[in-house]
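Okay, here's what each chain looks like letter by letter:
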Amino acid sequence: MMRAQLYPAAMLTIALTILTGLIYPLAITGVAQVLFPHRANGSLIVEHGRVVGSSLIGQPFDDPKYFWGRLSATSPFAYNAAASSGSNLAPTNQALIDAVKQRVAALREADPGNTAPVPVDLVTTSGSGLDPHISIAAALYQAPRVARVRKLPPETVRRLVQQHTEGRQFGVLGEPRVNVLELNRAVDQAR
């Protein structure tokens, strides 16, 4: 009696493993490669034959001539795509409050003449730790510093921010945002 139940169960397990563990993933991967090859391969950005990043994963910028992105709380190093995570610190946590104060001070030190309020996304980490975008306010806050360090007219840098602003997804989801890597690439090419 038990043998009569084990054989169909074992065959069903093998069949479903092949179907869901092999055939389905290969089919979906094949469809993605045909219909969306750039996205299926990680939305990699290539310059002069070299991968410089992904439009989907943030990366650290700390040189004053670049726009800085959202901070990352991933471990063991920042922007670790294999360990997506936030800090999990509550807004009232003293460690978070102290870290935000230090980040505000660092931003003020990098741009001492800027007295505008510091946008929150420049001093807090994203939920994933990998966010490649900043708010328009965060980009515009940094525009004077980037323009000054690069000796570019401020209106040129503001125009680049505007040109690299992405709207809400599907017109309704999320907030308008700026991809930091794409903006920094555009600033590198500006004259």
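For the structure, see preceding data.
To start, this report covers the structure provided alongside it.

Parameters at a glance
- Starting from 1, residues in each chain are numbered consecutively following that chain's sequence as written.
- With pLDDT at 70 or above as the cut-off, local features in this predicted model cover only qualifying residues; side-chain atom pairs require 80 or more to be listed or tallied, and sums for whole chains, interfaces and linings still use all residues.
- Here the side-chain values reflect all heavy atoms present in the structure, with hydrogen atoms and water set aside.
- At least two DSSP bridges between two strands are needed for those strands to be called paired.
- The helix and strand labels rest on DSSP assignments: H or I over at least four residues marks a helix, E over at least two residues marks a strand, and numbering proceeds from the N terminus.
- Any two residues whose heavy atoms approach within 4.5 Å are treated as being in contact.
- Structural elements are reduced to axes, namely lines fitted to C-alpha atoms, with helices fitted over the stretch in contact, and the angle between N-to-C directions of any two is expressed from 0 to 180 degrees.
- The sense of a crossing depends on the near helix, which, turned anticlockwise from the far helix by less than a right angle, makes the crossing left-handed and, turned clockwise, makes it right-handed.
- Each residue gets one label: Ala, Val, Leu, Ile, Met, Phe, Trp, Tyr, Cys and Pro are nonpolar, Asp, Glu, Lys and Arg are charged, and the others, such as Gly, are polar.
- Salt bridges are defined by distance alone: a side-chain nitrogen of Lys or Arg within 4 Å of a carboxyl oxygen of Asp or Glu.
- Only protein chains enter the accessibility calculation, which uses a 1.4 Å probe; a residue is then buried when its area is under 20% of its type maximum, exposed when over 50%, and partly exposed in between.
- Working note: the arc is built from the helix axis to C-beta atom directions.

Side note on the sheet that holds strand E4 (residues 165–166)
One open sheet accounts for 3 strands, arranged E3-E5-E4; its pairing is antiparallel. The sheet is open, and its two borders are formed by strand E3 (133–135) and E4, each paired with just one other strand. Direction of pairing for E4 relative to strand E5 (residues 177–179): antiparallel, over a ladder of 2 bridges. Opposite Glu-166, over in E5, you have Arg-177 as the bridge partner. Against the sheet, helix H4 (residues 136–150) makes contact with E3, E4 and E5, and its axis sits at roughly 85° relative to E3, the strand it touches most.

What about the packing of H4 against helix H5 (residues 154–163)?
Put simply, H4 and H5 touch, their axes get as near as 9 Å, and they point 140° apart. Handedness of the H4/H5 crossing: right-handed. Contact residues: H4 offers Ala-139, Leu-140, Ala-143, Val-146 and Ala-147, while H5 offers Pro-154, Val-157, Arg-158 and Val-161. Classifying every residue of the contact of H4 with H5 gives 8 nonpolar, no polar and 1 charged.

A word on the pattern of salt bridges
Tallied over the full model, the rule gives 6 salt bridges. Residues Arg-148 and Asp-111 are paired through a salt bridge, measuring 2.9 Å at the closest nitrogen-oxygen approach. Highlighted residues: Arg-148 in helix H4 and Asp-111 in the loop between helix H3 (94–110) and E3, separated in sequence by 37 residues. Overall, Asp-111 belongs to the buried group, its relative accessible area being 4%. One salt bridge in this structure joins Glu-182 and Arg-185, with 3.1 Å as the shortest N-O distance. Linking Glu-182 with Arg-185, this pair stays in helix H6 (residues 180–189), spanning 3 residues, or about one helical turn. Of the residues examined, Glu-182 reaches a relative accessible area of 24% and is grouped as partly exposed. One connected set of salt bridges, linked through shared partners, spans Glu-47, Glu-182 and Arg-185.

Regarding the side chain of Asn-184
The topology assignment puts Asn-184 in helix H6. The residues touching Asn-184, leaving out its near neighbours within four places in the chain, are Phe-61, Tyr-66 and Phe-67.

Some details on H5
Burial in H5 covers these residues: Thr-156, Val-157, Leu-160 and Val-161. All buried residues of H5 fall inside an arc of 140° around its axis, so they share one side. Pointing more than 90 degrees away from the buried face of H5 are the exposed residues Gln-162 and Gln-163. Residues of H5 that are buried sit in contact with H4, E4, E5 and H6.

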